[in-house]
Amino acid sequence: MIGAVFTIFVAMWLYQTVKQAKLENMFFWVVGGAAMFFAVQALFVYSDVSILESFRSSEGGAAYEAVNGADRKNEGDFQGFGGILESLFFELMPQIAGFFAVAFVRNRVMLKEDLNVKNLFSGLKELFQSIKNSFKTTANQE
């Protein structure tokens, strides 16, 4: 669910960038950026699962073998405040990594700008303003 929302925002951000930069092949840029976002996200989800499995299997023993299978429970995982942070990291890192990958390509390939924080996040403010303005009716705009 979180990934879908991020993907929609990334696609709109790329669409807005292509329109402002007046690049050709708008469809290519938007779909390619969304596909790259999905690919990076899938790569990080796969690596997160591998990391979690390595944590669990390193404990070993009968407890791991008993829950090894389709009915695996997460009992004992993510306890306390550190567990909450770990859970948030594994949930949000794939989307954040995908966003940064798209932002890097957008900055270096599409806009051909220097790599800095300001350029990396440029256009986001305008994106959210345009989303906010899209909810206004003609009576509210006067």
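Above this text you will find the structure in question.
I will try to describe carefully the structure that is included in this document. (Residues numbered from 1 in each chain as written. Predicted model: local features only at pLDDT ≥ 70, side-chain atom pairs only at ≥ 80, totals over all residues. Heavy atoms only, no water.)

Topic: the nonpolar core
Formed by 15 residues in total, the largest nonpolar core has its most connected members in Val10, Trp13 and Leu14. When neighbours within four sequence positions are excluded, Val10 is seen to be in contact with Phe37, Phe99 and Val102. (Core = buried A, V, L, I, M, F, W, Y, C linked by side-chain atoms within 4.5 Å. Buried < 20%, exposed > 50% of the residue type's maximum accessible area, 1.4 Å probe, protein only. Contact = heavy atoms within 4.5 Å.)

Side note on the packing of aromatic side chains
Given two aromatic rings, their pairing is described by the distance between the two centres and the angle made by the two planes. Tallied over the entire structure, the rule returns 8 aromatic pairs. Here Phe99 and Phe121 contribute two aromatic rings whose centre-to-centre distance is 5.9 Å and whose plane-to-plane angle is 20 degrees, an arrangement assigned as stacked. In this pair, Phe99 sits in helix H4 (residues 80-110) while Phe121 sits in the loop between helix H5 (117-120) and helix H6 (124-134), placing the two residues 22 residues apart along the sequence. Members of the aromatic cluster, connected to one another through ring pairs, are Trp13, Phe99, Phe100 and Phe121. (Phe/Tyr/Trp six-rings, centres within 6.5 Å; stacked < 30°, edge-to-face > 60°. Helix = DSSP H or I, 4+ residues; strand = E, 2+ residues; numbered from the N terminus.)

What to know about unusual backbone geometry
Residue Lys22 is not a glycine yet carries a positive backbone phi of 55 degrees. With respect to the helices and strands, the residue Lys22 is situated in the loop between helix H1 (2-21) and helix H2 (26-59). Judged by relative accessible area, Lys22 falls into the exposed class, the value being 72%. Phi is positive for Asn25, close to 60 degrees, though the residue is something other than glycine. Looking at the secondary structure, you find Asn25 in the loop between H1 and H2.

Overview of the side chain of Thr7
Tracing the backbone shows Thr7 in helix H1. Of the residues examined, Thr7 reaches a relative accessible area of 10% and is grouped as buried. Here Thr7 is in contact with Phe37, Phe38 and Gln41, once residues within four sequence places are set aside.

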